[in-house]
Amino acid sequence: MFKQLDPILHSQVRLAIMSLLVGVKSAEFAFLLESTKATKGNLSFQLSKLKDAGYVEILKTNKGNYPLTTCKITAKGLDAFTDYVNCMEDYFKTFKAK
């Protein structure tokens, strides 16, 4: 009856990251850090999980003398996020029907 939720996206920080990236062309690590309120280590770990799944691309460059990490959602990531949101909507519709 219920579709299985994507375990990659069924994490508070990873879902927050994807929710932020879906609405922008790309986002800097600092923006994601501030928006998610995660620690640097946890954010890095969660981004690695999303990258390994093929849901985000991570670009490491320099801005002046400082490292700059930017992230953007991939087509696969957008599809996965859309499927996840649709599954959640189905869960809520079933709850409301009772």
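Higher on the page you've got the structure.
Report follows, based on the coordinates. These numbers were taken from a predicted model, which means no experiment stands behind them. (Residues numbered from 1 in each chain as written. Predicted model: local features only at pLDDT ≥ 70, side-chain atom pairs only at ≥ 80, totals over all residues. Heavy atoms only, no water.)

Focus on the pairing of strand β2 (residues 56-63)
Note the following rule: In this analysis, strands are considered paired if DSSP registers two or more bridges between them. A helix here means a DSSP run of H or I that spans at least four residues, while a strand means a run of E at least two residues long, and both kinds are numbered starting from the N terminus.
One ladder, built from eight bridges, connects β2 with strand β3 (residues 66-73); its direction is antiparallel. What sits directly across from Lys63, in β3, is Tyr66.

Section: the pairing of β3
Looking at chain direction, strand β1 (residues 27-28) and β3 are connected through two bridges and run antiparallel. Opposite Ala27, over in β3, you have Cys71 as the bridge partner. Between the end of β2 and the start of β3, which pair antiparallel, lie two residues, with Gly64 showing a positive phi angle near 70°.

Some remarks on the pattern of salt bridges
Worth spelling out the cut-off: Only one rule defines a salt bridge in this text: a Lys or Arg side-chain nitrogen within 4 Å of an Asp or Glu carboxyl oxygen. Type-normalised accessible area, obtained with a 1.4 Å probe on protein chains alone, sets the label of each residue: buried when under 20%, exposed when over 50%, and partly exposed for intermediate values.
What the rule picks out here adds up to one salt bridge. Of the charged contacts, one joins Lys72 and Glu57 as a salt bridge, the two residues approaching to 3.9 Å between their closest N and O atoms. Of this pair, Lys72 sits in strand β3 while Glu57 sits in strand β2, and the two are 15 residues apart along the sequence. With a relative accessible area of 44%, Glu57 lands in the partly exposed category.

A word on the nonpolar core
Put simply, the test is: The term nonpolar core refers to a set of buried residues drawn from Ala, Val, Leu, Ile, Met, Phe, Trp, Tyr and Cys, joined through side-chain atoms within 4.5 Å. Note on contacts: a residue pair is in contact if any heavy atoms of the two residues lie within 4.5 Å.
Among the nonpolar cores identified, the biggest contains 23 residues, and Met18, Leu21 and Leu43 are the most heavily contacted of them. Those elements that place two or more of their residues in this core are α1 (12-21), α2 (29-36), α3 (40-52), β3 and α4 (75-97). If we skip the residues at most four places from it in the chain, Leu21 touches Ala27, Leu32, Val56, Cys71, Lys72 and Ile73.

Things to note about α3
Basically, it comes down to this: Multiplying 1.5 Å by the residue count of a helix minus one yields the expected span of that helix. Directions pointing from the helix axis toward each C-beta atom define the arc.
Over its 13 residues, α3 runs 18 Å from end to end, which matches the ideal 18 Å to within 8%, given 1.5 Å per residue. Burial in α3 covers these residues: Leu43, Gln46, Leu47 and Leu50. An end-on view of α3 places all buried positions within 100° of arc, on one side of the element. Contacts from the buried residues of α3 go to α1, α2, β2 and β3. Downstream of α3 by a residue or two, Gly54 has a phi angle that is positive, lying close to 85°.

Digging into the packing of α2 against α3
So the rule is basically this: Convention adopted: a line fitted to C-alpha atoms gives each axis, helices being fitted over their contacting stretch, and angles between N-to-C directions are expressed from 0 to 180 degrees. Throughout this description, any angle smaller than 35 degrees is read as roughly parallel, any larger than 145 degrees as roughly antiparallel, any in the 65 to 115 degree range as roughly perpendicular, and the remainder as oblique. Each helix crossing is assigned a hand: it is left-handed if the near helix lies turned anticlockwise from the far helix by less than a right angle, otherwise right-handed if that turn is clockwise. Polar here means any residue outside two lists: the nonpolar Ala, Val, Leu, Ile, Met, Phe, Trp, Tyr, Cys and Pro, and the charged Asp, Glu, Lys and Arg; Gly therefore counts as polar.
At a closest axis distance of 10 Å, the pairing of α2 and α3 adopts a crossing angle of 110°. One finds that α2 runs roughly perpendicular with respect to α3. Crossing of α2 over α3 shows right-handed handedness. From α2, Phe29, Leu32, Leu33 and Thr36 reach across to α3, where they touch Lys40, Leu43, Ser44 and Leu47. When grouped by side-chain class, the residues that make up the contact of α2 with α3 number five nonpolar, two polar and one charged.

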